[in-house]
Every structure is written in C-alpha cells, then in structure tokens.
Amino acid sequence: MKDYIAERAVELAHYIIENGATVRSTAKMYNISKSTVHKDIHDRLARINPALYTEAQKILEVNKAERHIRGGMATREKYIRLKERSCV
C-alpha cells in the first residue's frame with residue numbers, strides 16, 4: 001500500500017472520530033467517494049491501526065443506527081418548508 005493512502009486512511013479516521021462524522025460527510029469534506037472512505041476505514045485502517053479502526057467503527061455504527069431517524073427528520077423539515085411556502 002502506498003504511503004499516501006495509509007496517511008489518508010488515518011486522517012479520515014481522525015476526522016470521523018473528532019467530528020462524529022458520517023461516511024457521506026467525510027467523503028464530501030475530502031472530495032472523495034463514499035466507497036473510498038468505506039474502503040479506507042474498513043479494509044485499510046483495520047490493518048494499519050486496529051485501535052484507531054475500532055474507535056472510528058464505533059462512531060460509524062452509531063451513525064448507521066441513527067440514519068433512519070435523520071432521514072425522517074429531513075423529510076419532515078422538507079414538508080414543513082413546503083407548507084410554509086404555500087401559506088405565504
């Protein structure tokens with residue numbers, strides 16, 4: 001594995017841990033694909049730094065467990081905004 005890929009994996013993990021970030025928000029921040037973030041964390045980081053992998057994985061599991069709630073809240077906000085526009 002090239003050094004810059006290993007460094008990127010560690011940097012992504014630190015970002016996720018410090019910000020409680022999702023895979024999607026991390027990918028957007030670093031201008032890479034979600035699949036690259038996923039591969040860096042789940043495959044590469046597990047081999048590079050298992051302790052850091054475990055910490056990052058905990059955050060990602062929480063985000064995964066909460067994603068249906070966030071989606072529902074986003075949909076609710078969308079319809080509230082649409083209703084407000086139609087009343088004006």
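Computed from a prediction, not measured in an experiment: that's the story for all the values here.

Student: It is not clear to me how the side chain of Thr26 should be interpreted in this structure. Could you clarify?
Tutor: Inspection of the secondary structure puts Thr26 in helix H2 (residues 23–30). For Thr26, a relative accessible area of 0% corresponds to the buried category. At 2.7 Å, the side chain of Thr26 forms a polar contact with the backbone oxygen of Thr22. Once residues within four sequence positions are removed from consideration, Thr26 is found in contact with Leu12, Tyr15, Ile16, Ala21 and Val37.

Student: Is there a simple way to think about the nonpolar core in this case?
Tutor: Across soluble globular proteins, you tend to see nonpolar side chains buried next to one another. Within the largest apolar cluster, twelve residues are counted, these being Leu12, Ala13, Tyr15, Ile16, Ala21, Ala27, Val37, Ile41, Leu45, Leu52, Ala56 and Leu60. Looking at this core, the elements with two or more residues in it are helix H1 (3–19), helix H3 (34–48) and helix H4 (50–87). When neighbours within four sequence positions are excluded, Ile16 is seen to be in contact with Ala21, Thr26, Val37, Ile41, Ala56, Ile59 and Leu60.

Student: Would you mind going over the pattern of salt bridges with me for this structure?
Tutor: A pair can form between side chains of opposite charge whenever their charged atoms are brought close. By the definition in use, this model includes four salt bridges. Put simply, Arg8 and Asp40 hold a salt bridge, and the shortest N to O gap is 2.6 Å. Placement of Arg8 in helix H1 and of Asp40 in helix H3 is noted, with a sequence separation of 32 residues between them. When its relative accessible area of 0% is taken as the criterion, Asp40 is described as buried.

Student: Please explain unusual backbone geometry as it appears in this structure.
Tutor: Trans peptide bonds make up the majority, and among non-glycine residues the majority have a negative phi. The phi torsion at Asn31 lies on the positive side, around 55 degrees, for a residue other than glycine. Tracing the chain through its elements places Asn31 in the loop between H2 and H3.

Student: Where do I start with H4 in this structure?
Tutor: One turn of the α-helix equals 3.6 residues, which is why residues spaced by three or four share an orientation. Relative to the 56 Å expected for 38 residues at 1.5 Å per residue, H4 spans 54 Å between its end C-alpha atoms, a close match to the ideal helical length. Bending of H4 peaks at approximately 45 degrees at the position of Glu66. Of all the residues in H4, the buried ones are Leu52, Ala56, Gln57, Leu60 and Asn63. Contact partners of the buried residues in H4: H1, H2 and H3.

Student: Would you mind showing me how to read the packing of aromatic side chains here?
Tutor: For any pair of aromatic rings, the description rests on two quantities: the centre-to-centre distance and the angle between the ring planes. In this structure the tally under the stated criterion is one aromatic pair. Measuring from ring centre to ring centre gives 5.5 Å for Tyr15 and Tyr30, while their planes differ by 85 degrees; the resulting arrangement is edge-to-face. Here Tyr30 lies in helix H2 and Tyr15 lies in helix H1, a separation of 15 residues in the sequence. With relative accessibility at 18%, the residue Tyr15 sits in the buried group.

Student: Looking at this structure, I do not really get the side chain of Arg44. What am I missing?
Tutor: As for its placement among the helices and strands, Arg44 is situated in helix H3. Those residues in contact with Arg44 that sit more than four places away from it in its chain are Met1, Ile5, Arg8 and Lys39.

Definitions and cut-offs
- Counting of residues starts from 1 at the beginning of each chain's written sequence and follows it residue by residue.
- A pLDDT threshold of at least 70 governs which residues receive local features in this predicted model, and a stricter bar of 80 or more applies before side-chain atom pairs are shown or counted, although totals over entire chains, interfaces and linings include all residues.
- Side-chain measures here rest on the full set of heavy atoms in the structure, leaving out hydrogens and waters.
- Where helices and strands are cited, they refer to DSSP runs of H or I of at least four residues and of E of at least two residues respectively, numbered from the N terminus.
- With a 1.4 Å probe rolled over the protein chains alone, any residue whose accessible area is under 20% of its type maximum counts as buried; one over 50% counts as exposed, and the rest are partly exposed.
- Here a polar contact is recorded for every N or O atom pair within 3.5 Å, except that within protein the pair must consist of a potential hydrogen donor and a potential acceptor, and residues adjacent in sequence are included only if both atoms are side-chain atoms.
- The contact definition used throughout considers only heavy atoms, calling two residues in contact when any of these lie within 4.5 Å.
- Nonpolar cores are built from buried Ala, Val, Leu, Ile, Met, Phe, Trp, Tyr and Cys residues. Side-chain atoms within 4.5 Å join them into one set.
- A pair is scored as a salt bridge if a Lys or Arg side-chain nitrogen falls within 4 Å of a carboxyl oxygen belonging to Asp or Glu.
- Expected helix span is taken as 1.5 Å per residue step, with the number of steps being one fewer than the number of residues.
- Consider a residue and the seven residues that end there alongside the seven that start there; fitting an axis to each set, the bend is the angle between those axes.
- Two rings from Phe, Tyr or Trp (for Trp, the six-membered ring) form a pair when their centres sit within 6.5 Å of each other. Planes less than 30 degrees apart are called stacked, planes more than 60 degrees apart edge-to-face, and all others tilted.

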